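# Coordinates in review
Here are the chains, one letter per residue:
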Amino acid sequence: MAKILENIKVSDKIYKLVIEGKFHGEMGQFFMIRGWDDYPLLSRPLSIHDKNNESITFLYRVEGFGTNKLTQLRKGDNIKLEGPYGNGYPTVKGRIAIVGGGIGIAPLLYTAKNLKNTVKELDIYLGFTEKEYLTDEFGKYGNNLYVSVGDFITGKLEVDKYDYVFTCGPEIMMRKIVEMAKGKNVKTYVSIEKHMACGVGACLVCSCKTKNGMSRVCKDGPVYLGEDVFYE
Amino acid sequence: MSNLNIEFGKVKFKNPVITASGTFGFGREYKEIYDIDILGGISTKGITKEKRDGNTGMRIYETSSGIMNSVGLENPGVEGFLKDEIPFLEKLNTNIIVNIGGACESDYLYAIEKVSETNIDMIELNISCPNVKAGGMAFGIKTKDARQIVKSARRVTNLPLVVKLSPNAEDIVDIARACEEEGADGLSLVNTFKGLAIDIEKRKPIFENIYAGVSGPSIKPMALRMVNEVYKNTNIPIMGMGGIMNATDAIEFIMAGSTCIQVGTANFVNPRIAIDIIKGIDDFMEKEGIKSLEEIIGII
């Protein structure tokens, strides 16, 4: 059980939830979160948006009953979280592009923060359908920041410039990036989103097909080599 | 600490709490969270003769007091299970129950014979998975079919055989009696209820398979009733399950006639729930001055 420090709306349907405490967790990992007792039955998987010695932050979009219920929580309320779970993005060196689409930007802020001091070059690309949000936050960490609203962010991305592309967002966007990188000397890492139940790899409701067979997104993912997931 | 030991036929359990098939993998994942040797037993993910990728499309959906799943028995197949999972399971200090599904009798018998060569404690014959034909629910609807599969299974293994019954059976008592008559050592009940969920905007079922298995608190009263009816009409022990979310639920199932209980959906709500339930049963026995669980099994 932990205490909520802040739960604020940052854009239409997008909320930032800050929870008190020092938590472990790597870039791209997630926690199973529940801000209620019995209903809904399942917790919600939310990736680490940011963290420091005093708190951990999650960014979420209101999708259904569970996330709607999360919005009703206020400062000082109790919340339960289990984790960190999943594999997360790898620690790499070289020239990196981070590409986020919509709520897919959620795991990428902490990722950018971590990579900033270790990589040679870090460019950040953020795409939004209607309105941009939190771009200033990302601006602190990238050498260059590219933003697109109502257009495809992939249009701005020159994959050849990078050794790695880390991405999270709509499947169509991630698939496009993997295609763009095909045959080039650039590795893409994608973060997959699926409905989950246990969050630890036991129930197999989040399984997805990969080049290497069925894979559990919660345990073996959520981060995969792009070519392993979008191979068909 | 009360005496939580219990005998399920000839098999001794250190406590009556078993994690249900399909909700606990092969134990590895939860071993990273707590000492799973504390459990009475583990019922493994359902194993079929051949490796299966499971169902496509949505696999989980929440109801107002439960969940629906349509995993479709994704599993490594019996060979993969023997190679990759059995060495781990055999080292655990808890009872291992291997859950076996199948599309036809020969598939069941193949898998049963294979796992009977290992050091496991029990086989749970799954004739009740509603999500795929390969799960065997076809065998769990009609008494005649259940009788046949149990009779054949009994011939090919000396391991204790528990038959997992479907709440969708035509007559739960009738089918339970048939299993007993054909040599089942015990019964586990109930598996998930066959249900339907609809996406009204798409005007389509949520699940590609159309129907899916309902579990969780919403099925508890029906499951309890079935356990009780079967308890009153058979003489072999029962592993009861269906919406057990806490120790109170577990004790209800014991009072209804369960010798052991299985915890499924609740593992997803709280990964350590099985430990809480063991402790809760212990506390209840202490408070009520119950020396052995046998004092309360089937007292309703």
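Residues numbered from 1 in each chain as written. Chains lettered and ligands numbered in written order. Predicted model: local features only at pLDDT ≥ 70, side-chain atom pairs only at ≥ 80, totals over all residues. Heavy atoms only, no water.

All names here are of chain B. Side chains C260 and Q262 of strand β16 (residues 260-263) all project onto a buried face; the interleaved residues I261 and V263 project onto the opposite face, where all are buried too. Bridge count between strand β15 (residues 238-240) and β16: 2 bridges; the pairing is parallel. Among the inter-strand pairings, G240 is bridged to a residue of β16, identified as I261. (Buried < 20%, exposed > 50% of the residue type's maximum accessible area, 1.4 Å probe, protein only. Helix = DSSP H or I, 4+ residues; strand = E, 2+ residues; numbered from the N terminus. Pairing = 2+ DSSP bridges.)

Attention now goes to the UniProt feature "binding site: FMN" (unreviewed entry) in chain B. Under the present numbering, the feature "binding site: FMN" (unreviewed entry) in UniProt falls on B:S21, B:K45, B:G46, B:N99, B:N126, B:K164, B:V190, B:G216, B:G242, B:G243, B:G264 and B:T265. Looking only at the residues we just named, the largest cavity is lined by B:S21, B:K45, B:G46, B:N99, B:N126, B:K164, B:V190, B:G216, B:G242, B:G243, B:G264 and B:T265. With respect to the helices and strands, the residue B:G242 is situated in the loop between β15 and α8 (247-256). Residue classification places B:G242 among the buried positions, given a relative accessible area of 7%. Aside from chain neighbours lying at most four places away, what touches B:G242 is B:G216, B:I219, B:K220, B:A223 and B:F253. Relative to the elements of secondary structure, B:T265 occurs in the loop between β16 and α9 (266-269). Sequence-distant contacts of B:T265, defined by excluding residues within four places in its chain, comprise A:L41, B:T23, B:I67, B:S215 and B:G216. (UniProt positions renumbered as here; feature names shortened; annotations may be inferred. 1 Å grid on protein atoms, 1.4 Å probe; cavity = no way out; pocket = protein on both sides within 12 Å on 5 of 7 lines; lining within 4 Å. Contact = heavy atoms within 4.5 Å.)

Moving on to the domain arrangement of chain A. Residue and element names in this part refer to chain A. Under the domain assignment, chain A is made up of domain 1 (2-85) and domain 2 (95-191). For domain 1 versus domain 2, the distance between C-alpha centres works out to 23 Å. The interface of domain 1 with domain 2 comprises 15 residues on the first partner and 13 residues on the second. Regarding the contact of domain 1 and domain 2, the summed buried area is about 1,400 Å², with carbon and sulfur atoms giving 65% of it. (Domains from an automatic or database assignment. Buried area = accessible area lost by both parts, 1.4 Å probe.)

Take the interface of chain B and chain A next. Facing the 27 residues of chain B at the interface are 23 residues of chain A. Three residues, B:E29, B:E62 and B:F268, lead the burial of chain B against chain A; their summed loss comes to 26% of the area buried on that side. Here chain B is connected to chain A by 4 salt bridges. The interface formed by chain B and chain A contains 9 residue pairs in polar contact (both at pLDDT 80 or more). Contributing elements (two or more residues each) for the side of chain B that touches chain A: α1 (28-31), β5 (60-63), β6 (66-69) and α9 of chain B. Here the side of chain B that touches chain A gets 3 residues from one element, more than from any other, and that element is β5(B). (Salt bridge = Lys/Arg side-chain N within 4 Å of Asp/Glu carboxyl O. Polar contact = N/O pair within 3.5 Å; in protein donor to acceptor, adjacent residues only side chain to side chain.)

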